[in-house]
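If you want the building blocks of each chain, they are given just below.
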Amino acid sequence: MEDEKIRLQKYLANSGVASRRKCEELILEGKISVNGNVVQELGTKILPGVDKVTYCGKSIQNTEKMVYILLNKPIGYVTTAKDQFNRDTVLDLVKIKERIVPVGRLDMYTSGALILTNDGDFVYKITHPKHEITKTYTVTLKGIIGNQAVENLRDGVKIDDYVTRPAKVKILKTDKEKDISRLEITIHEGKNRQVRKMCEAVGSKVIALHRSKIGELGVKDLKIGNWRYLKDYEIEKLLK
Ligand code: URA
């Protein structure tokens, strides 16, 4: 969540209250409240759409249009707004004027469905564990996976200090000649590198990982590296 927060003066300026400099003065003068409390610190950060900001008692809405984007992320891109090592980020692929952030993460070497938005409220709701949105992955593994390993993936395996919740696991293909297996794994959780760790836990090495769907939202209609705006009904469905 910290990533999605912005400085109060920036939020006020983006919302058309005044210039950034003038907004800093308003903060110092004690004219701005956040969630009912006057704040006078210029370092204050807020989460747009979640924190309630008022100026002399009047509610300030960020007037920036809300956008919701579905990207088919290629491998080789990091899912952060800024990267300390200057690597390519998913934001390099979506050049729009709104200040968007990724909803959740995909590893640098994982491709597939990633939502980006400037709606902090949406980010909060979608990533909250109680929402339990399913995520479906196509995983290519080295070797021919055994039935017991598949059962274990379904039931839950220990990764770090955590036992994963029951998952849906389908064998899509096993190829003895190429010595690979392909699985479709659907999970509700979003632990760090969860699918890779689950496969490691049953002794399988992941060769490729692709997120095919977030909930019912798939990326089959998008070429890798391409993106599109979500339709209203798709946004509503995700929030249900
Ligand atoms: N699980 C992983 O291992 N990596 C991802 O990027 C997403 C889920």
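Residues numbered from 1 in each chain as written. Predicted model: local features only at pLDDT ≥ 70, side-chain atom pairs only at ≥ 80, totals over all residues. Heavy atoms only, no water.

J.: Sorry, what's going on with the domain arrangement of the protein here?
T.: Put simply, an interface is often sized by how much accessible area is lost when its parts join up. Structurally, the protein comprises domain 1 (2-60), domain 2 (68-130 + 219-239) and domain 3 (134-214). Placing a centre on the C-alpha atoms of domain 2 and another on those of domain 3 gives a separation of 23 Å. With 13 residues of domain 2 at the interface, the matching set in domain 3 holds eight residues. Between domain 2 and domain 3, the buried area comes to about 850 Å², and carbon and sulfur atoms account for 45% of it. Our enumeration of links across domain 2 and domain 3 arrives at two salt bridges. Taking the shortest distance from any N to any O, the salt bridge between Asp107 and Arg196 comes out at 2.8 Å. Tallying contributions element by element places strand E9 (residues 110-117) first for the side of domain 2 that touches domain 3, with six residues. (Domains from an automatic or database assignment. Contact = heavy atoms within 4.5 Å. Buried area = accessible area lost by both parts, 1.4 Å probe. Salt bridge = Lys/Arg side-chain N within 4 Å of Asp/Glu carboxyl O. Helix = DSSP H or I, 4+ residues; strand = E, 2+ residues; numbered from the N terminus.)

J.: I tried to follow the site of the ligand on my own but got confused; where do I start?
T.: Surrounding the ligand, one finds Leu106, Asp107, Thr110, Tyr137, Arg193, Gln194, Val195, Arg196 and Leu209. Contact between the ligand and Thr110: an oxygen atom at 3.3 Å from a side-chain N or O atom of the residue. Arg196 places a main-chain nitrogen or oxygen 3.0 Å from an oxygen atom of the ligand. Counting residues per element, the shell around the ligand draws most heavily on helix H5 (residues 194-201), at three residues. Residues that form the shell around the ligand fall into these classes: four nonpolar, two polar and three charged. Each of domain 2 (68-130 + 219-239) and domain 3 (134-214) accounts for three or more of the residues forming the shell around the ligand. (Near = heavy atom within 4 Å. Polar contact = N/O pair within 3.5 Å; in protein donor to acceptor, adjacent residues only side chain to side chain. Nonpolar A, V, L, I, M, F, W, Y, C, P; charged D, E, K, R; others polar.)

J.: Looking at this model, I keep getting lost on the pairing of E9. Mind explaining?
T.: Two faces make up the sheet, and in a regular strand the side chains alternate between them. Burial runs high along E9: eight of the eight residues are buried. Bridge count between strand E7 (residues 68-73) and E9: six bridges; the pairing is antiparallel. Its bridge partner being in E9, Tyr68 is matched across the sheet by Thr117. Here strand E8 (residues 101-102) pairs with E9 via two bridges, running antiparallel. In the strand pairing of E9, Pro102 is matched with Leu116. Two strands pair when backbone bridges link them, and E9 and strand E15 (residues 205-214) are joined in this way by three bridges, in the parallel orientation. Bridging from a neighbouring strand, Gly112 pairs with Arg211 of E15. (Buried < 20%, exposed > 50% of the residue type's maximum accessible area, 1.4 Å probe, protein only. Pairing = 2+ DSSP bridges.)

J.: Just to check I follow, could you spell out the nonpolar core for this structure?
T.: The tendency in soluble globular proteins is for nonpolar side chains to be buried as a group. Among the nonpolar cores identified, the biggest contains 32 residues, and Leu116, Val139, Leu153, Ile185, Val195 and Met198 are the most heavily contacted of them. Those elements that provide at least two residues to this core are E7, E9, strand E10 (135-142), helix H4 (147-155), strand E14 (180-187), H5 and E15. Each of domain 2 (68-130 + 219-239) and domain 3 (134-214) gives at least three residues to this core. Residue contacts for Leu153: discarding those within four places in its chain leaves Ile145, Ala167, Val169, Leu183, Ile185, Met198, Cys199 and Val202. (Core = buried A, V, L, I, M, F, W, Y, C linked by side-chain atoms within 4.5 Å.)

J.: For this particular structure, what's the right way to read the sheet that holds strand E5 (residues 53-55)?
T.: Hydrogen bonding along the main chain pairs the strands of a sheet, whether they run parallel or antiparallel. The four strands lie next to each other as E3-E2-E5-E6, forming an open sheet whose pairing is antiparallel. The open sheet has two edge strands with one neighbour each: strand E3 (37-38) and strand E6 (58-59). Bridge count between strand E2 (residues 32-34) and E3: two bridges; the pairing is antiparallel. Of the residues in E3, the one forming a bridge with Val34 is Asn37.

J.: Teacher, can you tell me more about the packing of helix H3 (residues 120-127) against helix H6 (residues 232-239) here?
T.: When two helices pack together, their arrangement is captured by the angle between the axes and the distance separating the axes. Look at H3 against H6: their axes get within 10 Å of each other, and the N-to-C directions meet at 45°. Looking at the two axes, H3 sits oblique to H6. Between H3 and H6, the residues in contact are Phe122, Lys125 and Ile126 and Ile235, Leu238 and Leu239, respectively. (Axes fitted to C-alpha atoms, helices over the stretch in contact; angles between N-to-C directions. Parallel < 35°, antiparallel > 145°, perpendicular 65-115°, else oblique.)

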